[in-house]
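If you want the building blocks of each chain, they are given just below.
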Protein chains: 6
Amino acid sequence: MAWVRLIEYGEASAEVRAVYDDIMTTRRTDWINNFWKALANDPPALRRIWESIKQVMAPGALDPLTKELIYLAVSASNGCAYCISSHGAAAKKQGMTPQMLGELMAIVGMANQTNSLANGYRVPVDERFEKLF
Amino acid sequence: MAWVRLIEYGEASAEVRAVYDDIMTTRRTDWINNFWKALANDPPALRRIWESIKQVMAPGALDPLTKELIYLAVSASNGCAYCISSHGAAAKKQGMTPQMLGELMAIVGMANQTNSLANGYRVPVDERFEKLF
Amino acid sequence: MAWVRLIEYGEASAEVRAVYDDIMTTRRTDWINNFWKALANDPPALRRIWESIKQVMAPGALDPLTKELIYLAVSASNGCAYCISSHGAAAKKQGMTPQMLGELMAIVGMANQTNSLANGYRVPVDERFEKLF
Amino acid sequence: MAWVRLIEYGEASAEVRAVYDDIMTTRRTDWINNFWKALANDPPALRRIWESIKQVMAPGALDPLTKELIYLAVSASNGCAYCISSHGAAAKKQGMTPQMLGELMAIVGMANQTNSLANGYRVPVDERFEKLF
Amino acid sequence: MAWVRLIEYGEASAEVRAVYDDIMTTRRTDWINNFWKALANDPPALRRIWESIKQVMAPGALDPLTKELIYLAVSASNGCAYCISSHGAAAKKQGMTPQMLGELMAIVGMANQTNSLANGYRVPVDERFEKLF
Amino acid sequence: MAWVRLIEYGEASAEVRAVYDDIMTTRRTDWINNFWKALANDPPALRRIWESIKQVMAPGALDPLTKELIYLAVSASNGCAYCISSHGAAAKKQGMTPQMLGELMAIVGMANQTNSLANGYRVPVDERFEKLF
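The written sequence of each chain sets the order in which its residues are numbered from 1. Working convention: letters from A go to chains and numbers from 1 go to ligands, in the order in which they are written. Note on the predicted model: pLDDT of at least 70 is required for a residue's local features to be given, and 80 or more for side-chain atom pairs to be given and counted; whole-chain, interface and lining totals, by contrast, use all residues.

1. Overview of the overall build of chain A
Stated formally: Think of it this way: any DSSP run of H or I at least four residues long counts as a helix, any run of E at least two long counts as a strand, and we number them from the N terminus. As defined in this context, the radius of gyration uses C-alpha atoms, and a globule is described by 2.2 Å times the residue total to the power 0.38. Here a residue counts as buried when 20 or more other C-beta atoms sit within 10 Å of its C-beta, as exposed when there are 12 or fewer, and as partly exposed otherwise, the C-beta atoms being derived from the backbone. This entry defines residue contacts through backbone-placed C-beta atoms, with two residues in contact when those atoms are within 7 Å.
Of regular secondary structure, chain A possesses six helices and zero strands. For chain A, the sequential pattern of α-helices and β-strands runs α-α-α-α-α-α. A globule of 133 residues ought to have a C-alpha radius of gyration of about 14 Å, yet chain A, at 18 Å, is considerably larger. Summarising its shape, the C-alpha atoms of chain A cover approximately 55 × 35 × 30 Å along the three principal directions. When burial is assessed residue by residue, chain A has 56% of its 133 residues classed as buried. Nonlocal contacts in chain A, meaning residues at least 24 apart in sequence, comprise 57% of its contacts between residues at least 6 apart.

What follows is the structure, given as structure tokens:
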């Protein structure tokens, strides 16, 4: 029993089904995971967020595996169990090995350590780092 | 004027200098950034954290650029200005282009959006995602 | 089985019962939820936090529904499952509809996205925004 | 001097200008704030995020002031100085008074307090709160 | 120039002055720091939060130095520059030495690292840890 | 069933067993908790993080109980259920009483409240707080 209703394909409106169909086609899969079933309570949000993710995760200057690794790392850092689980699966599908996961997690842990130290000690940004591009 | 003293090479103990030297050698650079100068107030922490970062960021199953992108993404997600700036510079040194930065930030933004939605709607983890490896 | 003891009305001290009674009277309900039963391990904290919440959530320049929506939004953003659940129920009692929840969650998601982008890109505050009132 | 380039209207591509024009028209203003100038480094992100915000913040079941209050509350809770400043200004434009700001901040503070206590004490969700709608 | 008005003693209402006086008496100091001057825009919040802090930080099962160290550690972990600075000063007044600060920060960094790893790997709580008291 | 494999002593490599043995010896216990069993998927991380924690938590300017209280407070503030549970047990072993826990949690709650208020109101750091040591 979920907190809000998870809307299954069979009971979904045509508007929701169209998004579900596009998710399954784009991801070459035959099922919809719970995240979308929850968002389907708000069809415009379902469409907007799906379209955004599709655009953001499409191959570009970064390849799909690197993109999924970044998504997973941020989700792990935020402690979002759902997103860790779904993007962990997505990263594995793109080729993430157990060794890659170990290295990714080590970076997540180290970044959280040094982020808290840099903030905690109120370290001023070095002049040379003030401009990136 | 910083919150805690930033220890310069010239005034550092031999113990601290040894770490500073290793940082400069490993990174092929001739200066020390403020993060280490703040940590140098606690020499064992300076050594421990430097040794850990050196180990974590060494090439492995993930290449150095991917590692820096992950570090930068977590730092951006955590809003640590110092770490964004220093690891942004490090990622650029490893080859990050402005387009890669744009795609990385788009993923950071999207992950933070969907992390808050998955948590906010209390979406239950799908059975298929409960085990990764 | 909870991590700390949840103190039931029947076993509570007079000091704790007085707070429980006030909670039930103020909220026009006949039960006490687990949050207070956990806080009751520290009676001064129980009283202090209840008195504070009663004061903060009382009608003022903002009406009770708006107040509960804000409380829920912050809790969703923080990913606190307990607070999402209890303040979701409280917001519903004040009139929150499923459509309002959808819009609220969409804002929470968007705010988390743009917060991480503004921090991640280290966007400087515009001169015109430096002073509010 | 910003970390990334802030792209001014005069130097922007037609694609970016089109978004800038829509922002100014929609918000009935004659200037563009820094957030969009930073995002303009990645034109598809600029368009995607602007279109999303426009959709999310449009009047619906919640009125524009309530929406801005929620956005501001989440930004304050996340400690995003840029977003606090820009959405504080937007909320004021929609009618937020100093008294409303005081009440909003009091809720943000209280929610962060009780969120940390509910998580810290690992309070189990009450059966009655397990289902919302 | 601050974002909201910082209310000085000379211009404060009698209600606000009474709290300012109590802060100075309790802390044996002759000035008011900016946090209270900002809260003074909402006098009931000023009183409520001051009374709460006075109660929470009073000697109890934990001594004043330990209490300030905990406050500082949480503030450093949250990256709140204002609170780090003000509670750093308070901790120093209670006897915190530079060495103690170094050890405290090392724990903050380590906790943030292992918190992100425990969440990131979704480590299940051991049976023996499920009940504390 | 855990998300990643929890590596038991009996199936562990010699490298992992050596760390497990050191954990049990150092902590005077005869079992290994799940955190280490998850980290054991990445033996260098297991060793590195264990050695770091051993060093950080050893008695120094702060005694072992104070160190565990700080670790617990940060974990509670971060909402890491695993770390709250394991470091709660460790703090109890070092002498934390229920009353101490209550006071610790009250500080965690108060710090999270005032951290969000100081950030939310964008309170400028007082001149006197700009330098600590």
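2. Thoughts on unusual backbone geometry
Residues and elements named next belong to chain C. Positive phi values are uncommon outside glycine, yet Arg 122 reaches one of about 50 degrees. Within the secondary structure, Arg 122 is located in the segment after helix H6 (98–120). Its 20 C-beta neighbours within 10 Å are what place Arg 122 among the buried residues.

3. Overview of the relation of the copies chain A and chain B
Taken together, a rotation about one axis and a shift along it account for how the two chain copies relate. This is how the line gets drawn: Least squares is the method for superposing the copies, and the C-alpha atoms it fits come from residues with pLDDT of at least 70 in both.
With an RMSD of 0.0 Å, chain A superimposes on chain B once it is rotated by 180 degrees and translated 0.0 Å along the axis. Expressed as a symmetry operation, the mapping of one chain copy onto the other fits a two-fold axis. The residues that chain A uses at the interface reappear at the interface of chain B in 100% of cases, marking a shared surface.

4. Brief notes about the domain arrangement of chain A
The following threshold applies: These domain boundaries are the output of an automatic or database domain assignment.
Considered domain by domain, chain A is made up of domain 1 (1–58) and domain 2 (61–133). Distance from the C-alpha centre of domain 1 of chain A to the C-alpha centre of domain 2 of chain A: 26 Å.

5. Description of the interface of chain A and chain B
The condition is simple: Each residue receives one of three labels: charged for Asp, Glu, Lys and Arg, nonpolar for Ala, Val, Leu, Ile, Met, Phe, Trp, Tyr, Cys and Pro, and polar for the others, Gly being one of them.
Taken together, the 61 residues of chain A in the interface contact 61 residues of chain B. Only helix H2 (34–39), helix H3 (43–57), helix H4 (64–78), helix H5 (81–93) and helix H6 (98–120) of chain A provide two or more residues apiece to the side of chain A that touches chain B. By residue number, the principal contributor to the side of chain A that touches chain B is H6(A), which donates 16 residues. Of the residues belonging to the side of chain A that touches chain B, the class tally is 38 nonpolar, 17 polar and six charged.

6. Brief notes about the relation of the copies chain E and chain B
The operation relating chain E to chain B is a screw motion whose rotation component is 120 degrees, with 0.0 Å of axial translation and a residual RMSD of 0.0 Å. This pairing of chains is accounted for by a three-fold axis. Closest approach to the rotation axis within chain E is made by the C-alpha atom of E:Gly79, at a distance of 5.2 Å.

7. Quick word on the interface of chain E and chain B
At the junction of the two partners, chain E supplies five residues and chain B supplies five residues. For the side of chain E that touches chain B, the leading source of residues is helix H6 (residues 98–120) of chain E, giving three residues. In terms of residue class, the side of chain E that touches chain B is built from two nonpolar, three polar and no charged.

8. A word on helix H5 (residues 81–93) of chain C
Put simply, the rule reads: Expected helix span is computed as 1.5 Å times (number of residues minus one).
The end-to-end C-alpha distance of H5(C) is 18 Å, a good match for the 18 Å that 13 residues give at a rise of 1.5 Å each. Inspection of H5(C) places C:Ala81, C:Tyr82, C:Cys83, C:Ile84, C:Ser85, C:Ser86, C:His87, C:Gly88, C:Ala89, C:Ala90 and C:Ala91 among the buried residues, and these make up the whole buried set. Check the buried side of H5(C) and you find it contacts helix H6 (98–120) of chain B, helix H2 (34–39) and helix H4 (64–78) of chain C together with helix H6 (98–120) of chain D. C:Gly95 sits one or two residues past H5(C) and shows a positive phi near 115 degrees.

9. Quick word on the packing of helix H1 (residues 14–27) of chain D against helix H3 (residues 43–57) of chain D
Residue and element names in this part refer to chain D. Definition in use: Inter-axis angles, ranging from 0 to 180 degrees, are taken between N-to-C directions of lines fitted to C-alpha atoms, where helices are fitted over the stretch in contact. Each angle receives one of four descriptions, namely roughly parallel if under 35 degrees, roughly antiparallel if over 145, roughly perpendicular if within 65 to 115, and oblique otherwise. For any helix crossing, the convention is left-handed if the near helix is rotated counterclockwise from the far helix by under a right angle, and right-handed if that rotation is clockwise.
One can describe the packing of H1 onto H3 by two numbers: an axis separation of 9 Å at closest approach and a directional angle of 20 degrees. For the element pair H1 / H3, the angle class is roughly parallel. Handedness of the H1/H3 crossing: left-handed. For the pair formed by H1 and H3, the contact residues are Glu 15, Val 16, Val 19, Ile 23 and Thr 26 on the first element and Pro 43, Leu 46, Arg 47, Trp 50 and Lys 54 on the second.

10. Notes on the nonpolar core
The condition that has to hold: When buried Ala, Val, Leu, Ile, Met, Phe, Trp, Tyr and Cys residues are joined through C-beta atoms within 7 Å, the set is termed a nonpolar core.
Ranked by internal contacts, the top residues of the largest apolar core, which has 280 residues, are A:Ala73, B:Ala73, C:Ala73, D:Ala73, E:Ala73 and F:Ala73. Residues within four places of C:Ala73 in sequence aside, it is in contact with C:Leu104, C:Ile107, C:Val108, D:Ile70, D:Ala73 and D:Val74.

11. Details of the environment of C:Arg5
Considering the arrangement of structural elements, one finds C:Arg5 in the segment before helix H1 (14–27). In the structure, C:Arg5 is positioned 103 residues away from C:Val108 in sequence and 33 Å away in space, judged by C-alpha atoms. The residues contacting C:Arg5, other than those within four sequence positions of it, are C:Asn41 and E:Phe133.

12. What about the environment of F:Gly88?
In this fold, F:Gly88 is placed in helix H5 (residues 81–93). Sequence separation between F:Gly88 and F:Leu72 is 16 residues, and the spatial gap between their C-alpha atoms is 6.1 Å. Ignoring any residue separated from it by four or fewer positions in sequence, one finds F:Gly88 in contact with E:Leu132 and F:Leu72.

13. Brief notes about the confidence of the model for chain A
This is how it is decided: pLDDT is a residue-level measure of predictor confidence that goes from 0 to 100.
Here chain A shows a mean pLDDT of 97. Residues at 70 or above account for 100%. For this predicted complex, the interface confidence comes out at an ipTM of 0.97, alongside a pTM of 0.98.

14. Topic: the environment of F:Ala76
Relative to the assigned elements, F:Ala76 resides in helix H4 (residues 64–78). When the C-alpha atoms of F:Ala76 and F:Leu104 are compared, they prove to be 9.7 Å apart, with 28 residues separating the residues in sequence.

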